[in-house]
Amino acid sequence: MKYLVMVQGTQADYEAMRGKASADSPSWSEEELQAMFAYMGAINDDLSETGEFVDGQGLAEPAQTRHVTLGDDGKAVITDGPYSETKELLAGYWVLECESLERVTEIADRVSRCPQPAGAPNYPVVIRPIMDGSGDI
C-alpha cells in the first residue's frame, strides 16, 4: 500500500530557519539546520535501501504559494501567499510503499523526532493512505 506522509510548517518556521526568530518560532542556528537536513537525509537513505521510498520533497515557503479558485463569475481568482487565515501548510512529504499502516506509523514516529531548536513548534506528522483507483472510495 502507498502512503503520503506529510510534515507541516508556517511562514514563521521558514523565517526561523533563516535566522529570524518570532514569537512562534525560535531562530535556528546553522548547526541546528544542518542537523535537521542530515536527519532527514538519513531517513531518505534508509527508506531507499528498504525499497519503501517512492518520492519525497521539501516544499518552498508559504510566501511562494499560490491559490487558484473559481470565482462567482466563472473566472480564476488567484491569490499569492502567505495566507494569514491559514496556520500551517504542507512543508514536505514522502510517498512511501509500506506493507502495513503499522510500518508507516513507525516511520512517521521517526520523522517526528527530527532535531530542532528548543521551543520550536511541534507539528503532527500526518499519514494518508493513497487510494488505488476510485474503487477505494
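As recorded in an unreviewed UniProt entry, the protein chain goes by the name YCII-related domain-containing protein, listed as coming from Streptomyces violarus. Its UniProt record gives the protein chain a comment under Sequence similarities (unreviewed entry), which states: "Belongs to the YciI family."

On to the overall build of the protein chain, then. Assigned secondary structure in the protein chain consists of 3 helices and 6 strands. Listed N to C, the secondary structure of the protein chain is β-α-α-β-β-β-β-α-β in terms of helices and strands. Reported as C-alpha extents along the three principal axes, the dimensions of the protein chain are approximately 45 × 45 × 20 Å. Burial analysis of the protein chain (137 residues in total) assigns 29% to the buried set. Restricting to contacts in the protein chain with at least 6 residues of sequence separation, those with at least 24 account for 72%. Accessible surface, the protein chain as shown: approximately 8800 Å² in total, 51% of it carbon and sulfur. Each charge class in the protein chain can be summarised by its mean position, and for the 10 positive and 24 negative side chains these summaries are 5 Å apart.

A few words on the pairing of strand β5 (residues 89-97). Examined bridge by bridge, strand β1 (residues 2-9) and β5 share 8 bridges and lie antiparallel to one another. Counterpart to Gly9 in the pairing with β5 is Leu89. Of the strand pairs in this sheet, strand β2 (residues 53-58) and β5 are connected by 5 bridges, and their pairing is antiparallel. Paired with Gln57 across the bridge in β5 is Tyr93.

Time to look at the nonpolar core. Residues Met40, Trp94, Leu96 and Val111 are the most contacted members of the largest nonpolar core, which totals 21 residues. Of all elements in the fold, only β1, α1 (11-17), α2 (30-50), β5 and α3 (101-112) reach the threshold of two or more residues within this core. Looking at which element gives the most residues to this core, the answer is α2, with 5 residues. Those residues within four positions of Trp94 in sequence are excluded, and the remaining contacts are Tyr3, Leu4, Val5, Val7, Met40, Ile43, Asn44, Leu47, Phe53, Asp55, Gly56 and Val111.

Its location among the elements puts Glu61 in the loop between β2 and β3 (66-70). Accessibility expressed as a relative area gives 13% for Glu61, which makes it buried. A polar side-chain atom of Glu61 sits 2.5 Å from a polar atom in the side chain of Gln11. If we ignore the near neighbours within four places in the chain, the residues touching Glu61 are Gln11, Tyr14, Glu15 and Arg18.

This part is about α3. A rise of 1.5 Å per residue sets the reference length of α3, with its 12 residues, at 16 Å; its end C-alpha atoms lie 16 Å apart and thus fit the reference within 8%. If you check which residues of α3 are buried, you get Val104, Ile107, Ala108 and Val111. Down the axis of α3, the buried side of the element spans an arc of 100 degrees, and every buried residue falls inside it. Against the buried residues of α3 lie β1, α2, β5 and β6 (126-129).

If you trace the backbone, Ala23 turns up in the loop between α1 and α2. Assessed through its relative accessible area of 85%, Ala23 is described here as exposed. C-alpha separation for the pair Ala23 and Ala12, spaced 11 residues apart in sequence, amounts to 8.8 Å.

Pairing is antiparallel in the open sheet, where 4 strands are placed in the order β2-β5-β1-β6. Two strands in the sheet have a free side with no partner beyond their single neighbour: β2 and β6. Averaged over all neighbouring strand pairs, the angle between strand axes comes to 20 degrees, with direction disregarded. Running over the sheet, α2 touches β2 and β5 and is turned about 20 degrees from β5.

About the cut-offs
- Residues numbered from 1 in each chain as written.
- Predicted model: local features only at pLDDT ≥ 70, side-chain atom pairs only at ≥ 80, totals over all residues.
- Heavy atoms only, no water.
- UniProt positions renumbered as here; feature names shortened; annotations may be inferred.
- Helix = DSSP H or I, 4+ residues; strand = E, 2+ residues; numbered from the N terminus.
- Buried < 20%, exposed > 50% of the residue type's maximum accessible area, 1.4 Å probe, protein only.
- Contact = heavy atoms within 4.5 Å.
- Areas by Shrake-Rupley, 256 points an atom, 1.4 Å probe, with all protein chains shown as cover.
- Lys, Arg positive; Asp, Glu negative; His and termini not counted.
- Charge placed at Lys NZ, Arg CZ, Asp CG, Glu CD.
- Pairing = 2+ DSSP bridges.
- Core = buried A, V, L, I, M, F, W, Y, C linked by side-chain atoms within 4.5 Å.
- Polar contact = N/O pair within 3.5 Å; in protein donor to acceptor, adjacent residues only side chain to side chain.
- Expected span 1.5 Å × (residues − 1).
- Arc of directions from axis to C-beta.
- Axes fitted to C-alpha atoms, helices over the stretch in contact; angles between N-to-C directions.

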